[in-house]
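Read off the chains here:
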Amino acid sequence: MTISFKTVLYFSLLCVVLSTRAADNPQCVGDDHSTWTNCWGTLETENLYFIGGFVDGAPDGEGVLRDAFGTNYQGEFREGKKEGRGEMTFGSEHPLSGSTYVGQFKNDMPHGHGLMNYSNGATYTGGYQLGQFHGHGSMLFSNGDHYRGSYKDGLKEGFGVYTYVDGARYEGRWRNDQEHGRGRQIYASGGKYVGIFQNGAPNGEGVYTFSNGTSYKAMWVDGEPLEETIENLPSTR
């Protein structure tokens, strides 16, 4: 990896800032970084440029890193890996180029609570587990849609509310990133379905209410009511 003068200057300035936190650590001595411990040093290889603390030859404590993707990280390290709180800007060679993440890390990956600002304008804030959305989170998509609810292994799972930019809204259970279980879908037209969903569509018993208040109950298959099961209900108005 070629390190430009601008990059060296960037890291030099960061080193000045971080050096105030490293006052208790001496400067690392010698060219063999594997022997560096409880010291502050600079390591440059073909694939990375690092300034920060070392313990037992590996980055440990506060530091800044630029990797082969051009990604910049400033934060905490432990045993050579990003661990603790940090800030990361993804480089031009990374699939998430231009995106930024601020939050907790473990084993070099987002883990814990974090905030991701994507280059396309989308924003996620919430839980992570080893690099994937996990637990409660909130995603504002680039098209204006919004989801707030539970995630598991990067997918919507459990209870969540998805609001579409056109005013439509789903409230209910999710599985494998799809509406699945009991839920309520409010359509942009003003109609409403309340009932069972499977694989992203009404499947099972449910009630559809039109915007004028008339409604019917039916068994649904792949989003469509079975005609022979339709039962008109008293108006709610």
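Quick look at the structure, then. (Residues numbered from 1 in each chain as written. Predicted model: local features only at pLDDT ≥ 70, side-chain atom pairs only at ≥ 80, totals over all residues. Heavy atoms only, no water.)

Assigned secondary structure in the protein chain consists of 1 helix and 18 strands. The proportion of buried residues among the 237 residues of the protein chain is 38%. Contacts in the protein chain between residues far apart in sequence, at least 24 positions, make up 11% of those at least 6 positions apart. Of the roughly 13000 Å² of accessible surface on the protein chain, a fraction of 50% belongs to carbon and sulfur atoms. (Helix = DSSP H or I, 4+ residues; strand = E, 2+ residues; numbered from the N terminus. Buried < 20%, exposed > 50% of the residue type's maximum accessible area, 1.4 Å probe, protein only. Contact = heavy atoms within 4.5 Å. Areas by Shrake-Rupley, 256 points an atom, 1.4 Å probe, with all protein chains shown as cover.)

All right, on to the state of the cysteines then. Here the structure, examined in full by the defined rule, presents 1 disulfide. In this model C28 forms its disulfide with C39; the gap between the sulfur atoms is 2.0 Å. Between C28 and C39, the disulfide has an S-S torsion of 95° and is therefore right-handed. With C28 in the loop between helix 1 (5-19) and strand 1 (39-44) and C39 in strand 1, this residue pair connects regions lying 11 residues apart in the sequence. When its relative accessible area of 11% is taken as the criterion, C28 is described as buried. (Disulfide = S-S within 2.5 Å.)

With that out of the way, let us pick up the environment of I51. Within the secondary structure layout, I51 lies in strand 2 (residues 48-55). By relative accessible area, which is 2% here, I51 ends up buried.

Looking now at the pattern of salt bridges. In this structure the tally under the stated criterion is 5 salt bridges. One salt bridge in this structure joins K156 and D177, with 3.3 Å as the shortest N-O distance. Of this pair, K156 sits in strand 11 (residues 155-163) while D177 is found in the loop between strand 12 (169-175) and strand 13 (178-186), placing the two residues 21 residues apart along the sequence. R169 serves as the salt-bridge partner of E171, at 2.5 Å between the closest nitrogen and oxygen. (Salt bridge = Lys/Arg side-chain N within 4 Å of Asp/Glu carboxyl O.)

Looking at soluble globular proteins, one finds that nonpolar side chains tend to be buried together. In this structure, F54 and Y124 are the most contacted members of the largest nonpolar core, which totals 30 residues. Residues contacting Y124, with those up to four places away along its chain left out, are G114, L115, M116, Y118, F133, H134, H136, G137, S138, M139 and Y151. (Core = buried A, V, L, I, M, F, W, Y, C linked by side-chain atoms within 4.5 Å.)

This part takes up the environment of T45. Note that T45 resides in the loop between strand 1 and strand 2. C-alpha of T45 to C-alpha of D67: the two residues are 22 residues apart in sequence and 9.6 Å apart in space.

Here we take up the packing of aromatic side chains. The description of an aromatic ring pair rests on the distance of the ring centres and on the angle between the ring planes. Enumeration over the complete set of coordinates arrives at 28 aromatic pairs. An angle of 40° between the planes, with centres 6.3 Å apart, marks the rings of Y162 and W174 as tilted. With Y162 in strand 11 and W174 in strand 12, this residue pair connects regions lying 12 residues apart in the sequence. Looking at Y162, the relative accessible area reads 10%, which means it is buried. A ring pair is formed by F210 and Y216, whose centres lie 6.0 Å apart and whose planes are at 45°; its orientation type is tilted. Across from the ring centre of Y73, 5.7 Å away, lies the NZ or CZ of K82, which sits over that ring. Note that K156 overlies the ring of Y147, its terminal NZ or CZ placed 5.6 Å from the centroid. (Phe/Tyr/Trp six-rings, centres within 6.5 Å; stacked < 30°, edge-to-face > 60°. Lys NZ or Arg CZ within 6 Å of the ring centre and 35° of its normal.)

Right, let's talk about a nonpolar patch on the surface for a bit. A grouping of M219, V221 and L226 is seen on the molecular surface, where their side chains present a nonpolar patch of about 220 Å² in accessible area. Relative to the helices and strands, L226 resides in the loop between strand 17 (224-225) and strand 18 (231-233). (Patch = residues over 30% accessible without salt bridge, like charges linked within 9 Å, V, L, I, M, F, W, Y side chains within 5 Å.)

Two elements, strand 11 and strand 12, share 6 bridges in a ladder whose sense is antiparallel. Bridge pairing links Y162 to Y170 in strand 12. The turn joining strand 11 and strand 12, which pair antiparallel and follow one another in sequence, is formed by 5 residues; a positive phi near 100° is taken by G167. Pairing of strand 12 with strand 13, which is carried by 6 bridges, proceeds in the antiparallel orientation. For Y170, the partnering residue across the bridge sits in strand 13 and is Q185. (Pairing = 2+ DSSP bridges.)

Right, let's get into the pairing of strand 7 (residues 109-117). As a general feature of sheets, a regular strand has side chains that alternate between the two faces. Relative to strand 7, strand 6 (residues 100-106) runs antiparallel, the two being bridged by 6 bridges. Opposite Y101, over in strand 7, you have M116 as the bridge partner. If you look at the hairpin formed by strand 6 and strand 7, you'll find 2 residues sitting between the two strands, and N107 has a positive phi there, around 55°. Connecting the antiparallel pair strand 7 and strand 8 (residues 123-129) is a turn made up of 5 residues, with G121 showing a positive phi of about 100°.

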